[in-house]
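The residues making up each chain are set out below.
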Amino acid sequence: MLHGLKSLRTGIKYASSSVCTRGLTNTHCRTRIENGVGVLTFDTPDSKVNVLNEAFGADMKAAFEELRDAPEAKSIVLISGKHDCFIAGADIHMLAACKSKEEVQTLAEGGQQMIKAVEDCKKPVVAAISGSCMGGGLEVALGCHYRIALDQKKTALSLPEVMLGLLPGSGGTQRLPKLIGLPNALQMMLTGSPANAVKAKKFGLVNEVVKPLGPGIASPEELSLRFLEKAAIKVAGQLADGSMKKPSGKKKSFVARQSHNLPLHNSYVRNFVCKKAAEGVMKKTHGLYPAPLKIIDTVKNGLENPKTGYSTEASNFGDLAMTDESAALINIFFGKQQCEKNAWGKPERMPQNVAVLGAGLMGAGIATVSLEKFPKVVLKDISDTALSSGINAEWPLRPGVV
């Protein structure tokens, strides 16, 4: 909370003292202009997440164009109305419904065009990220000129398409290497592993990290999301009036600059990095999964032939979507979703207490994660010695609680 108060004193103010004009509202997006900054909020109704599908894309395009063309908006902020989800990625059902490479390729090209419009906007565009920012969601953020992330547990930035036998199809293979360097970009795309806000800042994936607020007149989540928005509005205003420059992407130290630039611009270093990445893929997959190798080829082509980078990405995305491997991985994804659903519905009365029998490694671990959901957790074992070992194992993870 102290961090928030300190930051507020440096110039971030609440909306009650701001000039705010309401704008367009459609199914998935709403806009307003506050102190010369256009704010586009994604918020799909009756859904825990924002997902990129045709309807969402059309609404986002209309909302963005309204702010882009509004003379009173000098810059733009993209933010979600959901504290734990920026954009969770593309609608997998939409992809699974496609019957040909051409259909999938058209979807990829549409995503590329939408994000290119964001990137080419003459007004500074700031992405304010809280929660999951995955796949197409991260590609939207990559098209922005500045990125701010909320340092909370659910903030995760990733390109997990490889897990579905696909590759990032809306510009991710082209923009990410230039932003965070070829080795880091390949690692993210080939594993699909997420980066939290702090790690993303270290990579250069985001430009600023904002600490969350504690409880107050509203929930910590609501207050933190408001604070993130105010921070983004402040930065967007500074980028618009010239008091802050757009990030150049240049590394500070000579070694950092060379390690970033050499794989991008030197063919020998680039070929070495891509060769090592391909060897790692073959060792793990034995060539049974086409997506990882296609990702490496697409990234490499984009660096060597920038004019065909995006078209090659869309074409390769379409090719992969038609493979048996992708179809199987998507079916596994749908099956996992079904398994995770609660067939019994919401309980009439939520349990308040949890008891765990056995303070061994498994029992102590269950007790620890239960502390995040329930006010009281009881851990029992056959002796004080066994019980103490379980408590001592978890005490460093939950100081003052266990």
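Since we're looking at a predicted model, the values are computed, not measured.

Cut-offs applied
Residues numbered from 1 in each chain as written. Predicted model: local features only at pLDDT ≥ 70, side-chain atom pairs only at ≥ 80, totals over all residues. Heavy atoms only, no water. Helix = DSSP H or I, 4+ residues; strand = E, 2+ residues; numbered from the N terminus. Axes fitted to C-alpha atoms, helices over the stretch in contact; angles between N-to-C directions. Parallel < 35°, antiparallel > 145°, perpendicular 65-115°, else oblique. Contact = heavy atoms within 4.5 Å. Nonpolar A, V, L, I, M, F, W, Y, C, P; charged D, E, K, R; others polar. Disulfide = S-S within 2.5 Å. Buried < 20%, exposed > 50% of the residue type's maximum accessible area, 1.4 Å probe, protein only. Pairing = 2+ DSSP bridges.

Asks: Which parts of the structure should I look at to understand unusual backbone geometry?
Replies: Residues apart from glycine generally show negative phi values, whereas peptide bonds are mostly found in trans. A positive phi is found at Asn35, a non-glycine position, where the angle reads about 50 degrees. Residue placement: Asn35 occurs in the loop between β2 (29-34) and β3 (37-42). For Asp46, which is not glycine, the phi torsion reads 55 degrees and is therefore positive. The topology assignment puts Asp46 in the loop between β3 and α2 (54-69).

Asks: I tried to follow the packing of helix α6 (residues 172-180) against helix α13 (residues 309-321) on my own but got confused; where do I start?
Replies: Axes are the key here: two packed helices are described by the angle between their axes and the distance separating the axes. Where α6 meets α13, the closest approach of the two axes is 9 Å, and the angle between their N-to-C directions is 125 degrees. By the criterion of interaxial angle, the relationship of α6 to α13 is oblique. The segment α6 lies against α13, with Gly172, Thr173, Gln174 and Arg175 engaging Gly309, Tyr310 and Glu313. Class assignment of the residues belonging to the contact of α6 with α13 gives a composition of one nonpolar, four polar and two charged.

Asks: Please clarify how the state of the cysteines should be interpreted in this entry.
Replies: Should the sulfur atoms of two cysteines be covalently bonded, the bond is a disulfide. Counted under the stated rule, the structure contains zero disulfides. Cys133 forms no disulfide, and the closest cysteine sulfur to it belongs to Cys85, at a distance of 8.7 Å. The buried category is assigned to Cys133, whose relative accessible area is 0%.

Asks: When you look at the pairing of β2 in this model, what are you seeing that I'm missing?
Replies: Consecutive side chains of a regular strand alternate in pointing toward one face of the sheet and then the other. For β2, the tally of buried residues reaches five of six residues, placing the bulk of the element in the interior. Pairing between β2 and β3: six bridges, direction antiparallel. When the bridges of β3 are listed, Ile33 appears paired with Gly38. As consecutive antiparallel partners, β2 and β3 are separated by two residues, and within that stretch Asn35 has a phi angle of approximately 50 degrees, a positive value.

Asks: Is there a simple way to explain the sheet that holds strand β9 (residues 156-158) in this structure?
Replies: In a beta sheet, neighbouring strands are held together by backbone hydrogen bonds and run either parallel or antiparallel to one another. If you trace the three strands from one edge of the open sheet to the other, you get β5-β7-β9, paired in parallel fashion. A single partner strand is all that each edge strand has here, and the edge strands are β5 (85-87) and β9. Taken over all neighbouring pairs, the strand axes of this sheet differ in orientation by 15 degrees on average, direction set aside. Relative to β9, strand β7 (residues 132-134) runs parallel, the two sharing three bridges. Counterpart to Met134 in the pairing with β9 is Ser158.

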